[in-house]
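Geometric and topological summary
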Amino acid sequence: MYTNKKVTHIAKNGYQSNTYDAYVEEHYTSSSDKQGDTKHHSLFVSIPTTESLNIQLGDLIILGEHQIVIDSSSEKNEAESIRNLKRNHRLYTINSLIPCVYGHDRVKHYELGCD
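A brief look at the structure comes next. Just so it is clear, the model here is predicted, and its values are computed rather than measured.

What to know about the overall build of the chain
Helix and strand counts for the chain stand at 1 helix and 6 strands. Seen in sequence order, the chain has helices and strands lined up from the N terminus as β-β-β-β-α-β-β. Based on the C-alpha atoms only, the size of the chain along its principal axes is roughly 45 × 40 × 20 Å. Burial status across the chain gives 31% buried among its 115 residues. At a minimum sequence separation of 6, the contacts of the chain that also span at least 24 residues come to 53%. For the chain, the accessible area works out to roughly 7,500 Å², and carbon and sulfur atoms hold 46% of it. For the chain, the centre of its 12 positive side-chain charges and the centre of its 15 negative side-chain charges are spaced 4 Å apart.

Here it is, written out as structure tokens:
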């Protein structure tokens, strides 16, 4: 399967991160409302794999390869780590997950829809 980017997956439980080669399509839309412009960014991510991946709805995706460290020693440190992560990177939340793990090994993959 064709890949065009690396993505970093951050699990919402425990904040462990993994990096995968993936095929990524980025979609940008904008619209105007009474208050001004509204922009929306979304991703389609396809991760080729022959193994089961521990990815769940609500997990986070960052484009590129990143070493992510979330300080979960206290709630305050954890919240500050997440704020810094959001400040320094564009985070996408996984809102659809389709494991396509059937057929030949070369076409097995996970499809993720992210906002």
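On we go from here.
A short note on the nonpolar core
Core analysis: the biggest nonpolar cluster contains 15 residues, and Val 45, Ile 47, Ile 61, Leu 112 and Cys 114 have the highest contact counts within it. If we ignore the near neighbours within four places in the chain, the residues touching Leu 112 are Leu 43, Phe 44, Val 45, Ile 47, Ile 55, Ile 61, Ile 94, Ser 96 and Leu 97. Within the second largest apolar cluster, 9 residues are counted, among which are Leu 60, Ile 68, Ile 70 and Leu 91.

A word on helix α1 (residues 75–88)
Helix length check: α1 (14 residues) gives 20 Å between terminal C-alpha atoms against 20 Å at 1.5 Å per residue, within 8%. Buried within α1 we find Ser 81, Ile 82 and Leu 85. Along the axis of α1, the buried residues cluster in a sector spanning 95 degrees; they form a single face. The outward face of α1, more than 90 degrees from its buried face, is lined by the exposed residues Lys 76, Lys 86 and Arg 87.

Criteria and thresholds
- Residues numbered from 1 in each chain as written.
- Predicted model: local features only at pLDDT ≥ 70, side-chain atom pairs only at ≥ 80, totals over all residues.
- Heavy atoms only, no water.
- Helix = DSSP H or I, 4+ residues; strand = E, 2+ residues; numbered from the N terminus.
- Buried < 20%, exposed > 50% of the residue type's maximum accessible area, 1.4 Å probe, protein only.
- Contact = heavy atoms within 4.5 Å.
- Areas by Shrake-Rupley, 256 points an atom, 1.4 Å probe, with all protein chains shown as cover.
- Lys, Arg positive; Asp, Glu negative; His and termini not counted.
- Charge placed at Lys NZ, Arg CZ, Asp CG, Glu CD.
- Core = buried A, V, L, I, M, F, W, Y, C linked by side-chain atoms within 4.5 Å.
- Expected span 1.5 Å × (residues − 1).
- Arc of directions from axis to C-beta.

Structural measurements only, silent on function.
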